[in-house]
Amino acid sequence: MKKAFTSDGVGAIAQTNHLGPYTLTRLLEKKLVASKARVVTVASVTHRTTVMADARAFLTDWRSGYYEHSKLANVLFAYELQRRLGNRGVTSCAADPGGVRSHIWDSSPMFKSGWKKAMIDFFYSPPVDGCQGVVHAATVDWNADRKSANGTPVMPADDLRYYSRGLFTSPLLCNLDGYRGKGFSSGQQAKGLVWGLSTLFTSLWDWPLRKLSGGLLASTTKPVRSATQTYDAKLAAELWEASAEVAKLPVAPQV
Ligand SMILES: NC(=O)c1ccc[n+]([C@@H]2O[C@H](COP(=O)([O-])OP(=O)(O)OC[C@H]3O[C@@H](n4cnc5c(N)ncnc54)[C@H](OP(=O)(O)O)[C@@H]3O)[C@@H](O)[C@H]2O)c1
């Protein structure tokens, strides 16, 4: 997406991918509580490739990898909604659809044509398959899906859920963070490299494996660990508050 800002000074990607869905969800709070709704925020494996230094600056400072920042914001928002409305019967989670040959690539200068487009058309799943993980996250029995062993949560928190499907649930991909930016130690850089290679393999073989095995392999959707920073409650609260300010909404849920 070319560099653009709203009249409030919000980056177009932050507005489309985070602030728009944030505002809609906040305006629906009363109805969500009344119907004990499930809210699924569609994130992406790319949320693992970045870190957010400042929630407020995310909204207004255009940066390299802005899409990835917006997907990190999606997970932070999904978890913060669960913290704020979970005790009122709403359930909120994030979900990763995997690699899908949807219309999203058509407007990307890098992927809309040539061999990269051909790779996506060949290796990525059709939308009817890509939506399966999201539908699962929206409909799975929340209480039956708790992931605890002997009463101890396996994930950093039982109720903060990020759903992935097929090869995207691999431990290599879910337990290493993919970030390899400046200021990171060589050990972290190495982990990021292993993560990158594992993700490349995953995104190219997830759908073919499902298709070739007739759905026997790489079809399960389950809650997995999201990137370390997504569990930062202080950052999530800051993002919620900064978003409320820009969207001219009260910080406290209106229920
Ligand atoms: N495709 C993948 O491999 C993949 C992987 C990971 C995550 N995701 C996530 O999946 C979600 C859905 O994407 P998709 O792959 O299904 O792509 P898609 O088919 O292109 O859907 C994107 C949707 O966003 C809408 N949209 C785009 N720009 C907008 C704007 N400025 N204002 C309002 N609406 C706008 C589009 O509306 P119009 O139809 O009106 O243009 C479209 O309905 C996204 O959150 C994406 O980040 C996709």
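Rules and cut-offs
- Residues numbered from 1 in each chain as written.
- Predicted model: local features only at pLDDT ≥ 70, side-chain atom pairs only at ≥ 80, totals over all residues.
- Heavy atoms only, no water.
- UniProt positions renumbered as here; feature names shortened; annotations may be inferred.
- Axes fitted to C-alpha atoms, helices over the stretch in contact; angles between N-to-C directions.
- Helix = DSSP H or I, 4+ residues; strand = E, 2+ residues; numbered from the N terminus.
- Parallel < 35°, antiparallel > 145°, perpendicular 65-115°, else oblique.
- Contact = heavy atoms within 4.5 Å.
- Near = heavy atom within 4 Å.
- Polar contact = N/O pair within 3.5 Å; in protein donor to acceptor, adjacent residues only side chain to side chain.
- Areas by Shrake-Rupley, 256 points an atom, 1.4 Å probe, with all protein chains shown as cover.
- Nonpolar A, V, L, I, M, F, W, Y, C, P; charged D, E, K, R; others polar.
- Pairing = 2+ DSSP bridges.

Quoted verbatim from the Sequence similarities (unreviewed entry) field of the UniProt record, the comment on the chain reads "Belongs to the short-chain dehydrogenases/reductases (SDR) family."

*Asks:* I'm lost on the packing of helix α1 (residues 12–27) against helix α10 (residues 233–247) in this one. Help?
*Replies:* Two quantities define a packed helix pair, namely the angle between the helix axes and the distance between the axes. Direction vectors running N to C along α1 and α10 enclose 85°, while the axes themselves pass 10 Å from each other. Relative to α10, α1 is oriented roughly perpendicular. Where α1 approaches α10, its residues H18, L19, Y22, T23 and R26 are matched on the opposing element by L239, W240, S243, A244, V246 and A247.

*Asks:* Looking at this structure, how should I read the site of the ligand?
*Replies:* If you check the shell around the ligand, you find 14 residues, and the closest are Y67, K71, G98, V100 and S102. At 3.4 Å from an oxygen atom of the ligand is found a main-chain nitrogen or oxygen belonging to G98. Between I104 and the ligand, the recorded distance is 3.1 Å, taken from a backbone N or O atom to an oxygen atom. Burial of the ligand by the protein chains amounts to 46% of its free accessible area of 890 Å². By residue class, the composition of the shell around the ligand is seven nonpolar, six polar and one charged.

*Asks:* Even after reading the chapter, I still don't get the sheet that holds strand β5 (residues 161–165), so can you show me in this structure?
*Replies:* Where strands meet in a sheet, backbone hydrogen bonds hold them as pairs that are either parallel or antiparallel. Across the sheet, four strands lie side by side as β1-β2-β5-β6; this open sheet has mixed pairing. Two strands in the sheet have a free side with no partner beyond their single neighbour: β1 (38–42) and β6 (221–224). Going from strand to strand, the sheet's axes swing by 35° on average, the running direction of each strand aside. Both β1 and strand β2 (residues 91–95) contribute to a ladder of five bridges, which runs parallel.

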